[in-house]
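# Close look at the chain arrangement
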Amino acid sequence: MAGRRGALIVLEGVDRAGKSTQSRKLVEALRAGGHQAELLRFPERSTETGQLISSYLEKKNNLEDHTVHLLFSANRWEQVPSIKEKLSQGITLIVDRYAFSGAAFTGAKENFSLEWCKQPDVGLPKPDLILFLQLSTSEAAKRGEFGNERYENTSFQEKVLQCFYHLIKDKSLNWKLIDASKSIEDLHKEIKSFAEEAMQEAQHKPVGELWK
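Notes on the structure in this doc start here. Counting restarts for each chain, with residues numbered from 1 along the sequence as it is written. For a predicted model such as this one, the threshold for reporting local features is a pLDDT of at least 70, and the threshold for listing and counting side-chain atom pairs is 80 or more; totals across whole chains, interfaces and linings nevertheless cover every residue. As a rule here, side-chain values come from all non-hydrogen atoms in the structure, and water together with hydrogens is ignored.

## Some details on the state of the cysteines
Under the convention used in this document: Note on terminology: pairs of cysteine sulfur atoms within 2.5 Å are recorded as disulfides. The buried label applies to any residue whose accessible area, calculated with a 1.4 Å probe on protein chains only, is under 20% of its type's maximum; exposed applies above 50%, and partly exposed to all values in between.
Under the criterion given, the structure shown has zero disulfides. Note on Cys117: no disulfide assigned, nearest cysteine sulfur contributed by Cys163 at a separation of 7.3 Å. Residue Cys117 is classed as buried on the basis of its relative accessible area, which comes to 0%. Relative accessible area serves as the criterion here: at 11%, Cys163 is assigned to the buried category.

## Focus: the sheet that holds strand 2 (residues 37–41)
Where we set the bar: Pairing between strands requires that DSSP locate at least two bridges from one strand to the other. Elements are defined by DSSP. Helices are runs of H or I of four residues or more, strands are runs of E of two residues or more, and each kind is numbered from the N terminus. Think of each axis as a best-fit line through the C-alpha atoms, taken over the contacting stretch in the case of a helix, with angles from 0 to 180 degrees between the N-to-C directions. Note on contacts: a residue pair is in contact if any heavy atoms of the two residues lie within 4.5 Å.
The five strands lie next to each other as 2-3-1-4-5, forming an open sheet whose pairing is parallel. Two strands bound the open sheet, and with one partner strand each, they are strand 2 and strand 5 (175–179). In this sheet, neighbouring strand axes are inclined to one another by 20° on average, regardless of whether the strands run parallel or antiparallel. Against the sheet, helix 5 (residues 99–107) contacts strand 1 (8–13), strand 4 (129–134) and strand 5, and its axis sits at roughly 25° relative to strand 1. Docked against the sheet, helix 8 (residues 154–168) engages strand 1, strand 4 and strand 5, running at close to 145° with respect to strand 4.

## Notes on the side chain of Arg76
Formally: Counting of polar contacts relies on pairs of N or O atoms within 3.5 Å, with two restrictions inside protein: one atom must be capable of donating a hydrogen and the other of accepting it, and residues adjacent in sequence are counted only when both atoms are side-chain atoms.
Examined against the element boundaries, Arg76 turns out to sit in helix 3 (residues 65–77). Assessed through its relative accessible area of 3%, Arg76 is described here as buried. One polar contact links Arg76 to Asp121, side chain to side chain, over a distance of 2.9 Å. Setting aside anything within four residues of it in sequence, one finds Arg76 in contact with Phe42, Tyr98, Ala99, Gly102, Asp121 and Leu124.

## Quick look at the packing of helix 1 (residues 19–32) against helix 9 (residues 184–202)
For clarity, the threshold we go by: In what follows, roughly perpendicular refers to angles from 65 to 115 degrees, roughly parallel to angles under 35, roughly antiparallel to angles over 145, and oblique to any angle outside these ranges. Here is the rule for handedness: rotate from the far helix to the near one, and if that takes an anticlockwise turn smaller than a right angle the crossing is left-handed, while a clockwise turn gives right-handed. Each residue gets one label: Ala, Val, Leu, Ile, Met, Phe, Trp, Tyr, Cys and Pro are nonpolar, Asp, Glu, Lys and Arg are charged, and the others, such as Gly, are polar.
Helix 9 packs onto helix 1 with a crossing angle of 60° between their chain directions and a minimal axis gap of 10 Å. In terms of orientation, helix 1 lies oblique with respect to helix 9. The way helix 1 lies across helix 9 gives a crossing that is right-handed. Contacts between helix 1 and helix 9 involve Thr21, Gln22, Lys25, Leu26, Ala29 and Leu30 from the former and Ile184, Glu185, Leu187, His188, Ile191, Lys192, Ala195, Glu196 and Met199 from the latter. Of the residues in the contact of helix 1 with helix 9, the class split is eight nonpolar, three polar and four charged.

## Quick look at the packing of aromatic side chains
To keep things clear, this is the line we draw: Aromatic pairing here means that ring centres of Phe, Tyr or Trp (its six-membered ring) are within 6.5 Å. Orientation follows from the plane angle: under 30 degrees is stacked, over 60 is edge-to-face, and everything else is tilted. When the NZ atom of lysine or the CZ atom of arginine is within 6 Å of a ring's centre and also within 35 degrees of its normal, the charge is said to sit over that ring.
The tally for this structure, following the rule as stated, stands at nine aromatic pairs. Judged by centre distance (5.0 Å) and plane angle (65°), the ring pair of Phe100 and Trp175 falls under edge-to-face. One end of the pair, Phe100, is in helix 5; the other, Trp175, is in strand 5, with 75 residues separating them in the sequence. No difference in accessibility class separates Phe100 from Trp175, as the two residues are buried. Through a chain of ring-to-ring contacts, three or more aromatic side chains come together here, namely Phe42, Tyr98, Phe100, Phe132, Phe164, Tyr165, Trp175 and Trp211. The lysine or arginine in question, Arg150, covers the ring of Tyr56, its NZ or CZ lying 3.9 Å from the ring centre.

If you want it as structure tokens, here you go:
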């Protein structure tokens, strides 16, 4: 019998919905429960593509919009060998943002179709679960540090949200919508129970390919 693989669990949502906090809490809780779990964040800012993206997001340099989109995608592809390796070793990966953010953020810009935005990420490892943390853009704007990075303005985030809702209609993916205005603890409990269910179901299934 083949070994049990880890699950690929993605947290998505508009900026400041609490993804990073919840991703960390989930990894800690899974480890405390005896599971192997690791956190992965995109963009992965430590690689060369990641450093370019980081300075772009911090408004230190300007890049053409198609170029930025492809860089974000390349930043995900760089991690694919490591993602597959870890999943096969039975490690569950909790991913803070993935290709859905990539498509939604570029799709919200002028003159980009969501179809074009999805193309570079077709074939990435397919998540076993995508948790979408829902928060109104006005609520998000009230949270700390909003506005520090390039895309954090309310009208743009509203367009991003519409793109996400379009992506969520895809029935070939396991989306769960979660109300992110709850307390951190209540949110954590809900996320943890969805995650444990997905880990159970993923054990003996092969890793799928995204948008294929």
